Every structure is written in structure tokens, then in C-alpha cells.
Amino acid sequence: MRKALISDKLLVIDILSKSFDQNKSINFVIKKDSKRKKRIEALMEYSFFMGMNFGNVFISDNNNSCAILLNHKKNTLKSFFWDVKLVFKVIGIQNVFNVLKREKKIKSNQPKEPFIHLWYLGVFPKFQGKGVGTELLINIKKHYQKNVIYLETSTLSNIPFYKKNGFTIINEIDLGYKLFILKN
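Reference entry: report on the structure contained in this document. Just so we're clear, the structure is a prediction, and the values are computed from it rather than from any experiment.

1. A few points about the sheet that holds strand 5 (residues 149-153)
- One open sheet accounts for 7 strands, arranged 1-2-3-4-5-7-6; its pairing is mixed. Strand pairing shows two members of the sheet lacking a second neighbour, strand 1 (2-3) and strand 6 (168-174), which therefore form its edges.
- Taken together, the 3 bridges between strand 4 (residues 116-123) and strand 5 define a ladder with parallel strand orientation. From the neighbouring strand, I116 faces strand 5, where its bridge partner is I149.

What follows is the structure in C-alpha cells.
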């Protein structure tokens, strides 16, 4: 595992866009129209920026998986610009209220003490189920061994993977789809 560089942006966007293409939570956030794929890529570009500035972005040694983790987002002029860009390129004005409501529900399930947010863990689809994600997650847990890690997933098939790797479900949120909150 290595920390991503700015030059890894397109690789990270590609891995995450393909990994999360059918994800319920991602599809809740993006505007539904003919630009759906471009909107997912724009969301992943936003996420890459946030990870590089307010956390870490890791890539597996074989370049087949990546993860974005956040320590906590700070409000800066640059992050404000990226948030505005997110609204117009990804979410759409009409969906902002729903996304803000969703984020409020998620935040209410997060601890008040410091934690690491495993925001994304993605594996190219053709390498899923081959241990690539497990290896990356093990390395992430070693890197953050003194920290509590939280994550959310709306993909039921991911729950056994996270449980096998030491995470437990602490809550379930109904957003029209089930979003599971887990921690290690």
C-alpha cells in the first residue's frame, strides 16, 4: 500500500467510479440524468480532493484498489469551491435538501470523539473477491491501529467482508435503502 500522489487522481477516479457504479448510496447522491457516469466521476474527483486535503488516499501496490479516508473536513475557501462544484456537477440543486438530510443522519451516528472515516474502499470489479480489498483494508487498519475507524455501506454483500475484518454494525439507517454504520 502506498499513499496516492496528485498524479494518481485518474487511477483513483477510475477504480472508484467502476467500483461504486451500482452503489445505492452513490446513486442517491448523484443527479439522475444522461450524464450519470460523468457525475459519478465528478463525485470521485471531489472525494479524491477531500481525501488528499483532509485525510489520506491509499492505493494498493498492484494498483487494483484504493481507499479514501478522512480525519475531518475543514471549511476553507478551496473546500467551499469544491462543495459548490459538487452541487452543480454531481448532486443537482433539486437534490441538495435530500443529500443534506442524509448527511445529517449519518453524522448523528458518528462519535463525538476523534475517529477516522473510511469513506471509500474500492476494487476494480474484475479483481473483487480475490483478496485485493482485504489486503488493502488490513494495511489501512495497521496504519490507523490506534484509531477507531467508522464506515458506511449500503451494499449488503460487503457486510460479511467488513465483519470478517473486525468491524461491527452499530446502526442501520433507512434512507429509502438501508445504510449500515460500522466501526472497528
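2. Thoughts on helix 6 (residues 132-143)
- For helix 6, which comprises 12 residues, the first-to-last C-alpha distance of 17 Å matches the rise-based estimate of 16 Å (1.5 Å per residue) to within 8%.
- Among the residues making up helix 6, those that are buried are V132, G133, T134, L136, L137 and I140.
- Contact partners of the buried residues in helix 6: strand 2 (55-59), strand 3 (65-70), strand 4, strand 5 and helix 7 (159-164).

3. Some remarks on the environment of T168
- Within the secondary structure, T168 is located in strand 6.
- Spatially, the C-alpha atom of T168 lies 21 Å from that of K104, the residues being 64 residues apart in sequence.
- Not counting the four nearest positions on each side in its chain, T168 is found in contact with I181, L182 and K183.

4. Comments concerning the pairing of strand 5
- For strand 5, a buried count of 5 out of 5 residues is recorded, marking the element as mostly surrounded by other parts of the structure.
- Taken together, strand 4, helix 6 and strand 5 constitute a β-α-β crossover, and its handedness is right-handed.

5. Examining the pattern of salt bridges
- Under the counting rule described, the total for this entry stands at 9 salt bridges.
- Measuring nitrogen to oxygen at the nearest pair gives 3.1 Å for the salt bridge that ties D21 to R36. Taken together, the positions of D21 in the loop between helix 1 (9-19) and helix 2 (24-29) and R36 in helix 3 (residues 36-54) put the pair 15 residues apart, joining distant regions of the chain.
- Owing to a relative accessible area of 13%, D21 belongs among the buried residues under this scheme.
- Here R36 falls in the partly exposed class, since its relative accessible area comes to 21%.
- Taking the shortest distance from any N to any O, the salt bridge between E103 and R102 comes out at 2.4 Å.

6. Here's the deal with a nonpolar patch on the surface
- Taken together, L77, F80, V84, F88 and I93 make up a surface patch of nonpolar side chains, about 560 Å² in accessible area.
- Relative to the elements of secondary structure, F80 occurs in helix 4 (residues 77-91).
- A relative accessible area of 52% places F80 in the exposed class.

7. Some points on the pairing of strand 3
- Where burial is concerned, most of strand 3 is hidden: 6 out of the 6 residues are buried.
- Side chains of strand 3 alternate between two faces, with S65, A67 and L69 and C66, I68 and L70 buried alike.
- One ladder, built from 5 bridges, connects strand 2 with strand 3; its direction is antiparallel. What sits directly across from N56, in strand 3, is L69.
- With antiparallel pairing between neighbouring strands as the criterion, strand 2 and strand 3 make up a hairpin whose turn holds 5 residues, including N63 at a positive phi of roughly 60 degrees.

The rules we used
Residues numbered from 1 in each chain as written. Predicted model: local features only at pLDDT ≥ 70, side-chain atom pairs only at ≥ 80, totals over all residues. Heavy atoms only, no water. Pairing = 2+ DSSP bridges. Helix = DSSP H or I, 4+ residues; strand = E, 2+ residues; numbered from the N terminus. Expected span 1.5 Å × (residues − 1). Buried < 20%, exposed > 50% of the residue type's maximum accessible area, 1.4 Å probe, protein only. Contact = heavy atoms within 4.5 Å. Right-handed = clockwise from strand over helix to strand, strands pointing away. Salt bridge = Lys/Arg side-chain N within 4 Å of Asp/Glu carboxyl O. Patch = residues over 30% accessible without salt bridge, like charges linked within 9 Å, V, L, I, M, F, W, Y side chains within 5 Å. Areas by Shrake-Rupley, 256 points an atom, 1.4 Å probe, with all protein chains shown as cover.

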